[in-house]
Amino acid sequence: MHSPIRAPIPVETLLLAYRSGIFPMADRRSDQDVFWVEPRERAIIPLEELHVSKSLRKVLRSDRFTITIDTAFEQVIRACAAPREDHPESWISDRIVASYLGLHKAGHAHSIECWIEAPGDANWRGSTPQLAGGLYGVSFGRVFCGESMFSRASNASKVALCWLVALLRKGGFDVLDCQFMTDHLASMGAVEIPQRKYLEAIGDAHGPPLLDLREAFHALINDETYSSPGKLIAQSFTQTS
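Since the model is a prediction, treat every value here as computed from it, not as a measurement.

In this structure the tally under the stated criterion is 11 salt bridges. Notably, a salt bridge pairs Arg28 with Asp31, separated by 3.7 Å at the nearest N-O pair. For Asp31, a relative accessible area of 17% gives the class buried. The residue Glu74 makes a salt bridge to Arg78 at a minimum N-O spacing of 3.0 Å.

This is the structure in structure tokens:
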């Protein structure tokens, strides 16, 4: 007999958890149950200290990817949950997907998408732009909690992270939470802080940002300081890499 399908986690419960420094995970993709995680050490990326290599700045300036926000949230979260060669299972269960779709509809979960046109490449279908990478996360106050990212093309997830940091800066956010430290995040400038300090930081960042992420996105792409948003973002990281 199959276990009954559990209802999505209510939006209010998720937001209360994030404001308390807690987030849900599942043991595997098929799990209906979730467990609540409160790390002892929290990985964050200081917004003025993102490490962007010269080669990555070159990719940003090239505008190889077309960037959007919140246009394919479900595609992004499902891509993050999909099996990978080095990681066949996922903590992003179907119940978690459904829960964050509700949070997205409520305006508190966001995705950044990287699209690419690559006609002639056997991995892509025709010349229609394809989703090459992206990330998603949760925002409240002046805090953004990054949940997961994926990449189907070289540098796509890194470009998404650069755009996220640029938007958070533009919007006047204070905290970018990455939850758990990884070698990849460390190479991009992430540092670990005790959970106590993390709770203090998100407590200090409880007020609204100057611009929400969508407003910051439109302000950035309409900035005529440079010939393209990618060049503007690349230049903004010159002094922080």
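On we go from here.
Attention now moves to the sheet that holds strand β9 (residues 191-194). If you walk across this open sheet you meet the 7 strands as β4-β5-β6-β7-β8-β3-β9, and the pairing is mixed. Looking at the sheet topology across the chains shown, the edges are occupied by β4 (66-69) and β9. If you compare each strand with its neighbour and ignore which way they point, the axes differ by 35 degrees on average. The strands touched by helix α7 (residues 195-204) are β3 (41-44), β6 (130-140), β7 (143-151), β8 (175-179) and β9; relative to β9, the strand with the most contacts, the crossing angle is about 90 degrees.

What is meant by a disulfide is a covalent connection between two cysteines, made through their sulfur atoms. Within the structure shown, the criterion is met by 0 disulfides. Counting only cysteine sulfurs, Cys162 is the nearest neighbor of Cys114, a cysteine outside any disulfide, at a range of 9.5 Å. Classification of Cys114 by relative accessible area gives buried; the value is 0%. The exposure class assigned to Cys162 is buried, which follows from its relative accessible area of 0%.

Moving on to helix α8 (residues 213-221). Within an α-helix, residues lying three or four positions from one another point in the same direction, as the helix has 3.6 residues per turn. Residues of α8 that are buried: Leu213, Ala216, Phe217 and Leu220. Looking straight down α8, one finds that the buried residues subtend no more than 105 degrees of arc, so they occupy a single side.

Quick look at the environment of Ala109 now. Position of Ala109 among the secondary structure elements: in strand β5 (residues 109-116). Residue Ala109 is classed as buried on the basis of its relative accessible area, which comes to 1%. For the pair Ala109 and Val34, spaced 75 residues apart in sequence, the C-alpha separation works out to 18 Å. With sequence-adjacent residues up to four places away left out, Ala109 is seen in contact with Asp70, Phe73, Tyr100, Leu103, His104, Gly137 and Val138.

Excluding glycine, a negative phi dihedral is what most residues carry, and trans is how most peptide bonds are arranged. Of note in this structure, Asn155 is not a glycine but carries a positive phi near 75 degrees. Relative to the assigned elements, Asn155 resides in the loop between β7 and α5 (156-171). Positive phi outside glycine occurs at Gln179, with the angle close to 70 degrees. Checked against the element boundaries, Gln179 lands in strand β8. Relative accessible area serves as the criterion here: at 5%, Gln179 is assigned to the buried category.

Here is what the cut-offs are and how they apply
- Residues numbered from 1 in each chain as written.
- Predicted model: local features only at pLDDT ≥ 70, side-chain atom pairs only at ≥ 80, totals over all residues.
- Heavy atoms only, no water.
- Salt bridge = Lys/Arg side-chain N within 4 Å of Asp/Glu carboxyl O.
- Buried < 20%, exposed > 50% of the residue type's maximum accessible area, 1.4 Å probe, protein only.
- Pairing = 2+ DSSP bridges.
- Helix = DSSP H or I, 4+ residues; strand = E, 2+ residues; numbered from the N terminus.
- Axes fitted to C-alpha atoms, helices over the stretch in contact; angles between N-to-C directions.
- Contact = heavy atoms within 4.5 Å.
- Disulfide = S-S within 2.5 Å.
- Arc of directions from axis to C-beta.

By themselves, these figures tell us nothing about what the structure is for.
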